[in-house]
Amino acid sequence: MRVLIVVLAVLWAASATAQSFPSRAIRVLVSSPPGSSPDIRSRQIAAKLSEAFGQPVIVENRPGANGLIAAREAAKAAPDGHTLLLALINDSVRDAYQPDPCCRLGEELMPVSRFSMTPYVFVVHPGAPATLKEFIEQARAKPEAMTLATHGPGSLPQLLAGWLKSEFQVRLLEVPYKGVNAELPDLQGGQVTSAFMVPQVMLTALRNGKVRALAVTARERLAILPDVPTAAEAGLAGLEAVVWNGIFVPAGTPQPVVLALHRELVRAYNAPEIREQLRAGGSYAAADTPEEFAAFVRAEKEKWARLIREAGIRPQ
């Protein structure tokens with residue numbers, strides 16, 4: 001009898017928690033500056049969540065420290081569902097590369113649902129080799145002539161550069177840029193030979209013939225770039241890297257609140273106008289469950305940790 005009373009009390013408390021959520025404004029912490037792709041994504045779903053919950057949903061930008069500023073603030077927030085973090089692939093790479101016990105994905109921060117998935121495109125200056133296979137061959141023969149833009153230590157392009165060097169025994173001169181996508185002018189001008197870029201950044205330059213796309217780092221071709229082969233089709237099986245983001249909450253957030261957030265997030269992700277905006281930029285919505293997202297994050301950490309180990313990359 002006592003056990004039954006306890007169970008009923010727990011169920012009643014869970015139901016009451018779900019019904020009373022949210023009781024005030026919700027904030028979404030983003031580790032990127034205003035106007036960036038993650039910021040735009042956050043504002044897309046913030047408007048939908050506000051409509052669904054009848055409360056303001058405010059996007060707060062916390063750029064800096066490779067995402068740690070936003071992650072720390074989110075992890076320290078009350079676990080009541082009123083503080084969300086739009087985490088990025090950079091956060092899982094950081095957890096594999098140089099983890100900080102303050103705010104690890106899947107531990108101090110728990111997944112709710114993955115939002116967008118965006119494959120990289122391997123882009124070169126028009127004067128570079130016409131295929132990925134030829135690019136690799138030339139990088140072996142004339143390493144001093146081949147440069148690859150990265151975003152510094154621990155960035156995804158730097159890890160992919162390490163993978164190329166390790167897997168194909170090539171020597172690419174890495175050219176670090178402080179800002180994401182800051183390499184595009186130099187790529188067009190020929191000051192740097194190649195880069196891994198998301199489609200929406202390089203589409204205009206590609207259509208104007210100022211850059212050439214050699215491969216997509218995904219298992220399938222992109223609808224907006226049907227003539228660009230996947231890396232596997234281009235001869236580099238195993239080269240897969242998809243830029244993703246998704247919503248996390250502080251560990252300890254009640255399950256009914258997580259499920260309420262998940263329900264409305266998935267509804268937002270699947271809104272026709274958001275799906276079309278994603279498709280036009282070479283992205284798509286994952287909209288998975290908390291359990292599926294957790295498994296995905298674990299696999300991502302293992303993948304990047306293995307790459308870092310095999311490529312001999314060291315924290316700097």
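Nothing here was measured: the structure is a model prediction, and the numbers come from that model.

Conventions we followed
Residues numbered from 1 in each chain as written. Predicted model: local features only at pLDDT ≥ 70, side-chain atom pairs only at ≥ 80, totals over all residues. Heavy atoms only, no water. Buried < 20%, exposed > 50% of the residue type's maximum accessible area, 1.4 Å probe, protein only. Helix = DSSP H or I, 4+ residues; strand = E, 2+ residues; numbered from the N terminus. Pairing = 2+ DSSP bridges. Lys, Arg positive; Asp, Glu negative; His and termini not counted. Salt bridge = Lys/Arg side-chain N within 4 Å of Asp/Glu carboxyl O. Polar contact = N/O pair within 3.5 Å; in protein donor to acceptor, adjacent residues only side chain to side chain. Contact = heavy atoms within 4.5 Å. Right-handed = clockwise from strand over helix to strand, strands pointing away. Axes fitted to C-alpha atoms, helices over the stretch in contact; angles between N-to-C directions.

Visitor: Can you help me understand the pairing of strand β9 (residues 212-216) in this one?
Guide: The side chains of a regular strand alternate between both faces of the sheet. Buried residues dominate β9, accounting for four of its five residues. As judged from the four bridges shared by strand β5 (residues 121-124) and β9, these two strands associate in the antiparallel manner. Looking at the pairing, V121 lines up with V216 of β9.

Visitor: Help me out: how do you make sense of the side chain of E183 in this one?
Guide: Along the chain, E183 turns up in the loop between β7 (173-176) and α7 (184-189). K178 provides the closest opposite charge to the buried, salt-bridge-free E183, at an N-O distance of 14 Å. Within the structure, the side chain of E183 is placed 3.3 Å from the side chain of H151, a separation counted as a polar contact. Filtering out sequence-adjacent residues up to four positions away, E183 remains in contact with A149, H151, Y177, V192, A195, F196 and M197.

Visitor: What's the story with the pairing of β7 in this structure? I'm lost.
Guide: Inspection of the sheet shows strand β6 (residues 147-150) paired to β7 by four bridges, in the parallel sense. Counted as the bridge partner of T150 is P176 from β7. Note on the crossover from β6 through helix α6 (residues 156-168) to β7: the handedness is right-handed.

Visitor: How do you make sense of the pattern of salt bridges when you look at a structure like this?
Guide: Between side chains of opposite charge, pairing is possible as soon as their charged atoms come close. The full count for this structure, using the stated rule, is 19 salt bridges. In this structure, E107 engages R104 in a salt bridge whose closest nitrogen and oxygen atoms are separated by 3.5 Å. Take E107: its relative accessible area is 41%, and that puts it in the partly exposed class. For R104, a relative accessible area of 23% translates into the label partly exposed. For R267, the salt bridge goes to E264, with nearest N and O atoms at 3.4 Å. Of the two residues, R267 and E264 are both situated in helix α9 (residues 255-269); the distance of three residues between them amounts to about one turn of the helix. Judged by its relative accessible area of 7%, E264 is buried. One network of salt bridges, in which partners are shared, links R27, E60, R62 and E73.

Visitor: Help me out: how do you make sense of the sheet that holds β6 in this one?
Guide: Two orientations exist for strands paired in a sheet by backbone hydrogen bonds: parallel and antiparallel. Spatially, five strands are ordered β7-β6-β8-β5-β9 in an open sheet, and the strand pairing comes out mixed. Each edge of the sheet is formed by a strand with only one pairing partner; in this case those strands are β7 and β9. For this sheet the average axis-to-axis angle between neighbouring strands, irrespective of direction, equals 30 degrees. Looking at chain direction, β6 and strand β8 (residues 194-197) are connected through two bridges and run parallel. Its bridge partner being in β8, A149 is matched across the sheet by A195.

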